[in-house]
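# Understanding the architecture of this molecule
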Amino acid sequence: MPRLIQPLDTGDPLGPLPQEFAAIMRPELPSLIKEIGMEVTRAYPEYARLLNGPNGASIRMGVEQSLSSFVDLVAEPSSPTVLRDDMCRRFGRFEAYEGRTMDALQGAYRLGARVALRRAKKVGRSYNFSPALMLSFADALFAYVDELESLSRQGYLEVQAQSDQQSEAVRRRLLHLILSGRPVPRSAIAELCEQTGWALPEQVTLVAVRPPSGLDRISADHDVLIDPGDPQPHLLVPGAFDDARREMLERTIPGGGAVIGLTVPTALAADSIRWARRVLELVDAGVIEDAPFIPCEDHLITLWLLSDPALLDQLATRELAPVSGISTTRRERLIETLRIWLDTRGTAAQMGELLDVHPQTVRYRMRSLEAIFGAQLTDPESRFATEAVLRATRLRARSGQILD
């Protein structure tokens, strides 16, 4: 705390407040406190209601403590200020609990200082105080008020921090309920929404983030629910994911590494995050090309084809059984030719370019395939199953491993 007897430098050196000044000011305190109370309650009617309420005695005691402490510090600069500090922090906490800003309390402090300065000028004329002494008093008084404001701000911010932490905890609980994947009483979600002031949307978009996420919570839109501490970090974005939301996401996850899930009804939020996380797995496995922000909707067919690896193995065994007894090299060539034909339905020349072989070779392979597979290539349902298997196995081969 700045020593009151050492005023701020204003150009010409100001002298310290003499300790005798305290003895002159102390008798003025009772009437000064009343005068400050009248001025403050006139300027700030909310404080008039408080002074007449159940906390009125505590407020008056705080004001008295603040003024008495100033005089005590003039008399003895090393005087303890524990009680005063505690009362100032209480004032700040009270403002936060009441949902007000610090503006009114700061204004009240400064108004009180002006009243005190006015009284000091009046007393100073009686004692013939020098202009330098009055300047020193004014400087020390307003430095003291700055300190009172700082202490009150500490209490105010303390409550705000606690409130923010509690609100974030409730928001995380709300996010977990929405993503629980099981029927949750709507009343439970409604209660949490009311506590946080969060409006339950009809649709949501979930975003899966690769850990470690480096999520910047401050940059996220206020209505976005986040759990950065989850082993699999994620965000819930109310509504559709438009350009504005994408810009927000770029600020919130500066390094990228996220998959934007599908926009779904809120009741299906668990599906959106499940699909988004699966895309992340496929990116890490090398199946899907990496990018800072990957839309899940660009890879729905891949998700579907690789949704059940064990079932895919069974399908591949069944659909490719006709070539299971052929040598590996010939089997691979025939299957690649079959895949190109199913993909393109092209001519022998067109397929030859894609396979980098002579058209005659393509014709020979196609005759072999028709002989081996028979009706499997002409029946629409069988042909579709074979094509799906070939697409899925080719996607899976990109990773060079069996995906779980």
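Below: a short report on this structure. (Residues numbered from 1 in each chain as written. Predicted model: local features only at pLDDT ≥ 70, side-chain atom pairs only at ≥ 80, totals over all residues. Heavy atoms only, no water.)

Here we come to helix α2 (residues 29-43). For α2, which comprises 15 residues, the first-to-last C-alpha distance of 21 Å matches the rise-based estimate of 21 Å (1.5 Å per residue) to within 8%. Those residues of α2 that fall on the buried side of the exposure criterion are Leu29, Leu32, Ile33, Ile36, Val40 and Thr41. Projection of α2 onto a plane perpendicular to its axis shows the buried side chains occupying an angular sector of 155°, all on one side. Those residues of α2 that are exposed and aimed more than 90 degrees away from the buried face are Pro30, Lys34, Met38 and Arg42. (Helix = DSSP H or I, 4+ residues; strand = E, 2+ residues; numbered from the N terminus. Expected span 1.5 Å × (residues − 1). Buried < 20%, exposed > 50% of the residue type's maximum accessible area, 1.4 Å probe, protein only. Arc of directions from axis to C-beta.)

Scanning the entire structure with this criterion turns up 26 salt bridges. For the salt bridge of Arg118 with Glu35, the shortest nitrogen-to-oxygen distance reads 2.8 Å. Of this pair, Arg118 sits in helix α6 (residues 103-127) while Glu35 sits in helix α2, placing them 83 residues apart in sequence. The network of salt bridges with shared partners includes Glu28, Glu35, Glu39, Arg42, Arg118 and Arg119. (Salt bridge = Lys/Arg side-chain N within 4 Å of Asp/Glu carboxyl O.)

On to the sheet that holds strand β1 (residues 203-209), then. Spatially, the 5 strands line up as an open sheet ordered β2-β3-β1-β4-β5, and their pairing is mixed. If you trace the sheet from one side to the other, it starts and ends with β2 (225-226) and β5 (293-295), each paired once. The strands touched by helix α9 (residues 243-252) are β1, β2, β3 (234-238), β4 (258-265) and β5; relative to β3, the strand with the most contacts, the crossing angle is about 155°. Where helix α10 (residues 269-284) meets the sheet, it contacts β1, β3, β4 and β5, and its direction lies at approximately 155° from that of β4. (Pairing = 2+ DSSP bridges. Contact = heavy atoms within 4.5 Å. Axes fitted to C-alpha atoms, helices over the stretch in contact; angles between N-to-C directions.)

A few words now on the nonpolar core. Buried together is how nonpolar side chains tend to be arranged in soluble globular proteins. Among the nonpolar cores identified, the biggest contains 47 residues, and Phe21, Tyr47, Phe70, Tyr109, Phe129, Phe137 and Leu141 are the most heavily contacted of them. Counting only elements with at least two residues in this core, the list comes to α1 (20-25), α2, α3 (45-51), α4 (56-75), α5 (82-97), α6 and α7 (131-178). No other element matches the 12 residues that α7 contributes to this core. Those residues in contact with Tyr109, other than ones at most four positions away along the chain, are Cys88, Phe91, Val145, Leu148, Glu149 and Ser152. Counting 37 residues, the second-largest nonpolar core is a separate cluster that includes Leu175, Leu192, Val287 and Ala392. (Core = buried A, V, L, I, M, F, W, Y, C linked by side-chain atoms within 4.5 Å.)

Here the structure, examined in full by the defined rule, presents 7 aromatic pairs. Between Phe70 and Phe137 the ring centres are 5.9 Å apart and the planes differ by 80°, which places this aromatic pair in the edge-to-face class. On the criterion of sequence distance, the pair formed by Phe70 in helix α4 and Phe137 in helix α7 is long-range, its members being 67 residues apart. Site record: aromatic cluster; members linked through ring pairs are Phe21, Phe70, Tyr127, Phe129, Phe137 and Tyr144. Geometry around Trp341 places Arg345 over its ring, the cationic atom sitting 4.8 Å from the centre. (Phe/Tyr/Trp six-rings, centres within 6.5 Å; stacked < 30°, edge-to-face > 60°. Lys NZ or Arg CZ within 6 Å of the ring centre and 35° of its normal.)

Moving on: a nonpolar patch on the surface. There is a patch of nonpolar side chains on the surface, built from Ile301, Trp304 and Phe384 and spanning about 360 Å² of accessible area. Its location among the elements puts Ile301 in helix α11 (residues 300-305). (Patch = residues over 30% accessible without salt bridge, like charges linked within 9 Å, V, L, I, M, F, W, Y side chains within 5 Å. Areas by Shrake-Rupley, 256 points an atom, 1.4 Å probe, with all protein chains shown as cover.)

Moving on, we come to helix α8 (residues 186-196). All buried positions along α8 are accounted for by Ile189, Leu192, Cys193 and Thr196. Along α8, the residues classed as buried sweep out an arc of 105° about the axis, all on the same side. Exposed and oriented more than 90 degrees from the buried face of α8 are Ser187 and Glu194. At the exit of α8 stands Gly197, carrying a positive phi of roughly 75°.

A word on the packing of helix α13 (residues 328-344) against helix α16 (residues 380-397). At a closest axis distance of 10 Å, the pairing of α13 and α16 adopts a crossing angle of 115°. One element, α13, and the other, α16, form an angle in the roughly perpendicular class. Viewed along their axes, α13 and α16 form a crossing whose handedness is left-handed. When α13 is examined against α16, the residues Ile335, Leu338, Arg339, Trp341, Leu342 and Asp343 are found in contact with a partner set consisting of Arg383, Thr386, Glu387, Leu390, Arg391 and Arg394. Residues that form the contact of α13 with α16 fall into these classes: 5 nonpolar, 1 polar and 6 charged. (Parallel < 35°, antiparallel > 145°, perpendicular 65-115°, else oblique. Left-handed = near helix turned anticlockwise from the far one by under 90°. Nonpolar A, V, L, I, M, F, W, Y, C, P; charged D, E, K, R; others polar.)

Relative to the assigned elements, Ser79 resides in the loop between α4 and α5. In terms of polar contacts, Ser79 uses its side chain to reach the backbone carbonyl oxygen of Asp72, at 3.3 Å. Each residue touching Ser79, except ones within four places of it in the same chain, is listed here: Asp72 and Leu73. (Polar contact = N/O pair within 3.5 Å; in protein donor to acceptor, adjacent residues only side chain to side chain.)

A few words on the pairing of β4. The element β4 is extensively covered by neighbouring structure, given that 6 of its 8 residues are classed as buried. Bridge count between β1 and β4: 6 bridges; the pairing is antiparallel. Pairing of Thr205 across the sheet is with Thr263, part of β4. Strand direction decides the pairing type here: β4 and β5, joined by 3 bridges, are parallel. Considered in β5, the bridge of Ala258 is made with Phe293.

Our next topic: unusual backbone geometry. The backbone phi angle of Asn128 is positive, close to 55°, even though this residue is not glycine. Mapped onto the secondary structure, Asn128 falls in the loop between α6 and α7. Since its relative accessible area comes to 65%, Asn128 is described here as exposed. Positive phi, normally seen in glycine, also occurs at Asp356, with a value near 60°.

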